[in-house]
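What follows is each chain in one-letter form.
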Amino acid sequence: MEIIVANESHFKYAQIISDTITESAKVRGTGIARRTPEYIIKRLQNGNAIIALDGDKFAGFCYIEVWGNKDFVANSGLIVHPDYRNQGLAKEIKKAVFNLSRKKFPDAKIFGITTGLAVMKMNYELGYKPVTFSELTDDPEFWKGCQTCKNFDILTRTEKKMCLCTGMLHDPKAQKQKTEKVNKKAFKRLKSIKESLFLKKKQK
Ligand SMILES: CC(C)(COP(=O)(O)OP(=O)(O)OC[C@H]1O[C@@H](n2cnc3c(N)ncnc32)[C@H](O)[C@@H]1OP(=O)(O)O)[C@@H](O)C(=O)NCCC(=O)NCCS
């Protein structure tokens, strides 16, 4: 398995990346924003994305986006093809995109928003902390990326203060912390509280 910085030679994978994201969003039903092949191509060409390839087969992908005058970067769009899941590949891709972010944007805070326990666990291991959305970028372009998520109405209703996703932040200036394991029970409880609060209101 090759885990490398993507470039123009990987444009041919834009369609399968986009399709894999769309299919996964359908299966999971929440918290994954759709990405068109055109959108993926832009991410492949600027040296800010990581792609995993098994020979010439697409296996996984994640990209860096820069927000608010390079004060913040997000590691977004993490996707592993179903054929390659549960083998530690997402962890490797996350690590590679995190290291690339640190190298290219050493002063930026690295953040992400997620509804997924897998991503939360990986972020924890990389030293991210859960934070409220007020600690994340206020760049409107970032939040526009949520428009294709099926929970976007919740984000709008709460004036971007909260949603089903949990915000997580790695601040390079904060003291280096011990590696912690995410508290699975607490995360699941938080998620179910949010769902019952927000999704109930939605049905009224
Ligand atoms: C989420 C996803 C990227 C995980 O990829 P993967 O290669 O199977 O993950 P890994 O094998 O590297 O596992 C990393 C960790 O997450 C855990 N994990 C993986 N899938 C999980 C799941 N569905 N639920 C809970 N934990 C999960 C693993 O047990 C592992 O934890 P550990 O280190 O404590 O053992 C993949 O399932 C995927 O592409 N899903 C659809 C897209 C998606 O949800 N993207 C995230 C958007 S926020």
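Below or above, wherever it landed, is the structure these notes cover. Here the structure is a predicted model, which is why all the values come from computation and not from measurement.

1. Some points on the nonpolar core
- Core analysis: the largest hydrophobic core is formed by 27 residues, its most contacted members being Ile64, Val73, Val80, Leu89, Ile93, Met120 and Tyr128.
- When contributions to this core are tallied by element, the ones reaching two or more residues are β2 (49–54), β3 (57–67), β4 (72–80), α3 (89–104) and α4 (117–125).
- Top contributing element to this core by residue count: α3, with six residues.

2. Comments concerning the packing of aromatic side chains
- Overall, the coordinates contain eight aromatic pairs when judged by the stated rule.
- Geometrically, the ring pair formed by Tyr39 and Tyr63 is edge-to-face, given 6.1 Å between the ring centres and 65° between the ring planes. Note that Tyr39 is positioned in helix α2 (residues 37–45) and Tyr63 in strand β3, a separation of 24 residues in sequence.
- Overall, Tyr63 belongs to the buried group, its relative accessible area being 0%.
- On the numbers, 5.7 Å between centres and 90° between planes, the contact of Phe72 with Phe111 is edge-to-face. Of this pair, Phe72 sits in strand β4 while Phe111 sits in strand β5 (residues 109–114), and the two are 39 residues apart along the sequence.
- Residue class for Phe111 comes out buried when judged on its relative accessible area of 0%.
- Among the aromatic side chains, those forming a connected cluster through ring pairs are Trp67, Phe72, Phe111, Phe133, Phe142 and Trp143.

3. Re the site of the ligand
- The environment of the ligand is formed by 19 residues, the closest being Arg28, Val80, Asn86, Gly88 and Lys91.
- Contact distances for the ligand include 3.0 Å between a nitrogen atom and a backbone N or O atom of Leu78.
- One of the backbone N or O atoms of Gln87 is found 3.4 Å from an oxygen atom in the ligand.
- The fraction of the free accessible surface of the ligand (920 Å²) that becomes covered by protein chains is 73%.

4. Things to note about the pattern of salt bridges
- Evaluation of the coordinates by the stated rule reveals seven salt bridges.
- A salt bridge links Lys26 to Glu23, with the shortest nitrogen-to-oxygen separation between them at 3.2 Å. Remark: Glu23 and Lys26 occur in helix α1 (residues 14–28); sequence separation between them is three residues, near one turn of the helix.

5. Considering the packing of α1 against α2
- The interhelical angle for the contact between α1 and α2, taken along N-to-C directions, is 120°, at an axis separation of 8 Å. Here α1 lies oblique to α2, going by the angle between them. Considering only the axes of α1 and α2, their crossing is right-handed. Of the residues in α2, those touching α1 at Ala14, Gln15, Ile17, Ser18 and Ile21 are Pro37, Ile40, Ile41 and Leu44.
- Of the residues assigned to the contact of α1 with α2, the class counts are seven nonpolar, two polar and no charged.

Cut-offs and rules
Residues numbered from 1 in each chain as written. Predicted model: local features only at pLDDT ≥ 70, side-chain atom pairs only at ≥ 80, totals over all residues. Heavy atoms only, no water. Core = buried A, V, L, I, M, F, W, Y, C linked by side-chain atoms within 4.5 Å. Buried < 20%, exposed > 50% of the residue type's maximum accessible area, 1.4 Å probe, protein only. Helix = DSSP H or I, 4+ residues; strand = E, 2+ residues; numbered from the N terminus. Phe/Tyr/Trp six-rings, centres within 6.5 Å; stacked < 30°, edge-to-face > 60°. Near = heavy atom within 4 Å. Polar contact = N/O pair within 3.5 Å; in protein donor to acceptor, adjacent residues only side chain to side chain. Areas by Shrake-Rupley, 256 points an atom, 1.4 Å probe, with all protein chains shown as cover. Salt bridge = Lys/Arg side-chain N within 4 Å of Asp/Glu carboxyl O. Axes fitted to C-alpha atoms, helices over the stretch in contact; angles between N-to-C directions. Parallel < 35°, antiparallel > 145°, perpendicular 65-115°, else oblique. Left-handed = near helix turned anticlockwise from the far one by under 90°. Contact = heavy atoms within 4.5 Å. Nonpolar A, V, L, I, M, F, W, Y, C, P; charged D, E, K, R; others polar.

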